[in-house]
Amino acid sequence: AALLAGEAVSLTVECGSADWLGDEPWTKDAARTVRVTDRADAETETDLVLRPPVLALGVGCERDTDPDELRALVHETMRAANLTLDAIACVASIDLKSDEAAVLALADDLQRPARFFPAAELELESPRLQTPSKIVFRETGCHGVSEGAALAAAGSDSDLIVAKMKST
């Protein structure tokens, strides 16, 4: 409404791109702001908050993991990192988990697509992993499932913003 009324509005882009907003006459330090973010705590009374799907959520789990446990871990991890679930673009994992009920249920709950990668492709991400594991390599053929899948889904110019988190 402020833009339509000709009032000063600023633009803050914290993630992704706002090119699609066009060439509005953005003003620096205006009373009202259009904020493009993946942050959970972005709500204010003077901001219009836009949350584009820019995050790739990488997950791994034991066979037959309880879907509620994986869901709880994701919610806890996102909350701890101050990231909103709305910014998740996809749920990614290793192709060995393409039939894993917990992973599929998570993607369904989030209403996001599930993407699966072969171990060889995830292993290409090993130089960028924060928590590589020899045990995971022995089991799967790659040094990291959750981190590797997130990086593979996000692309070569991406950064890992949350390291692997584990539950029981």
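1. Quick word on the packing of helix 1 (residues 67-80) against helix 2 (residues 101-110)
Turning to step 1, where the next piece is worked out: For the pair helix 1 and helix 2, the least separation of the axes is 8 Å and the interaxial angle reads 55 degrees. With respect to helix 2, the axis of helix 1 lies oblique. Two packed elements cross with a definite hand, and for helix 1 against helix 2 that hand is right-handed. Here helix 1 contributes Pro67, Leu70, Arg71 and Val74 to the contact with helix 2, which in turn contributes Ala101, Ala102, Val103, Ala105, Leu106 and Asp109.
Turning to step 2, where the next piece is worked out: Looking at the contact of helix 1 with helix 2 residue by residue, the classes come out as eight nonpolar, no polar and two charged.

2. Focus on the sheet that holds strand 5 (residues 88-94)
Turning to step 1, where the next piece is worked out: With respect to topology, three strands assemble into an open sheet ordered 4-5-6, the strand pairing being parallel. With partners counted over all chains shown, the strands left at the sheet margins are strand 4 (55-58) and strand 6 (114-117), one partner each. The sheet shows a mean angle of 35 degrees between the axes of neighbouring strands, taken without regard to direction.
Turning to step 2, where the next piece is worked out: Of the strand pairs in this sheet, strand 5 and strand 6 are connected by four bridges, and their pairing is parallel.

3. Thoughts on helix 2
Turning to step 1, where the next piece is worked out: Inspection of helix 2 places Ala102, Val103, Leu106, Ala107 and Leu110 among the buried residues, and these make up the whole buried set. All buried residues of helix 2 lie within an arc of 135 degrees about the axis, which places them on one face of the element.
Turning to step 2, where the next piece is worked out: Those residues of helix 2 that are buried are in contact with strand 4, helix 1, strand 5 and strand 6.
Turning to step 3, where the next piece is worked out: Downstream of helix 2 by a residue or two, glutamine 111 has a phi angle that is positive, lying close to 55 degrees.

4. Topic: the environment of valine 49
Turning to step 1, where the next piece is worked out: In this fold, valine 49 is placed in strand 3 (residues 47-50).
Turning to step 2, where the next piece is worked out: Valine 49 has contacts with Arg35, Thr37, Ala42 and Glu43, leaving out every residue within four places of it along the chain.

5. What to know about helix 5 (residues 146-154)
Residues separated by three or four positions in an α-helix point in the same direction, a consequence of the helix having 3.6 residues per turn.
Turning to step 1, where the next piece is worked out: Burial runs high along helix 5: eight of the nine residues are buried.
Turning to step 2, where the next piece is worked out: Of the residues flanking the end of helix 5, it is glycine 155, one or two places downstream, whose phi is positive at about 105 degrees.

6. Examining the pattern of salt bridges
Turning to step 1, where the next piece is worked out: This model, assessed by the stated rule, comprises eight salt bridges.
Turning to step 2, where the next piece is worked out: Of the charged contacts, one joins glutamate 14 and arginine 35 as a salt bridge, the two residues approaching to 2.8 Å between their closest N and O atoms. Note that glutamate 14 is positioned in the loop between strand 1 (9-13) and strand 2 (32-36) and arginine 35 in strand 2, a separation of 21 residues in sequence.
Turning to step 3, where the next piece is worked out: Residue glutamate 14 is classed as partly exposed on the basis of its relative accessible area of 37%.
Turning to step 4, where the next piece is worked out: Aspartate 109 serves as the salt-bridge partner of arginine 71, at 2.3 Å between the closest nitrogen and oxygen. Pair noted here: arginine 71 is in helix 1 and aspartate 109 is in helix 2, with a separation of 38 residues, a long-range link.
Turning to step 5, where the next piece is worked out: For aspartate 109, a relative accessible area of 41% puts it in the partly exposed group.
Turning to step 6, where the next piece is worked out: Linked by salt bridges that have partners in common, Arg63, Lys97, Asp99 and Glu100 make up one network.

Here is what the cut-offs are and how they apply
- Residues numbered from 1 in each chain as written.
- Predicted model: local features only at pLDDT ≥ 70, side-chain atom pairs only at ≥ 80, totals over all residues.
- Heavy atoms only, no water.
- Axes fitted to C-alpha atoms, helices over the stretch in contact; angles between N-to-C directions.
- Helix = DSSP H or I, 4+ residues; strand = E, 2+ residues; numbered from the N terminus.
- Parallel < 35°, antiparallel > 145°, perpendicular 65-115°, else oblique.
- Left-handed = near helix turned anticlockwise from the far one by under 90°.
- Contact = heavy atoms within 4.5 Å.
- Nonpolar A, V, L, I, M, F, W, Y, C, P; charged D, E, K, R; others polar.
- Pairing = 2+ DSSP bridges.
- Buried < 20%, exposed > 50% of the residue type's maximum accessible area, 1.4 Å probe, protein only.
- Arc of directions from axis to C-beta.
- Salt bridge = Lys/Arg side-chain N within 4 Å of Asp/Glu carboxyl O.

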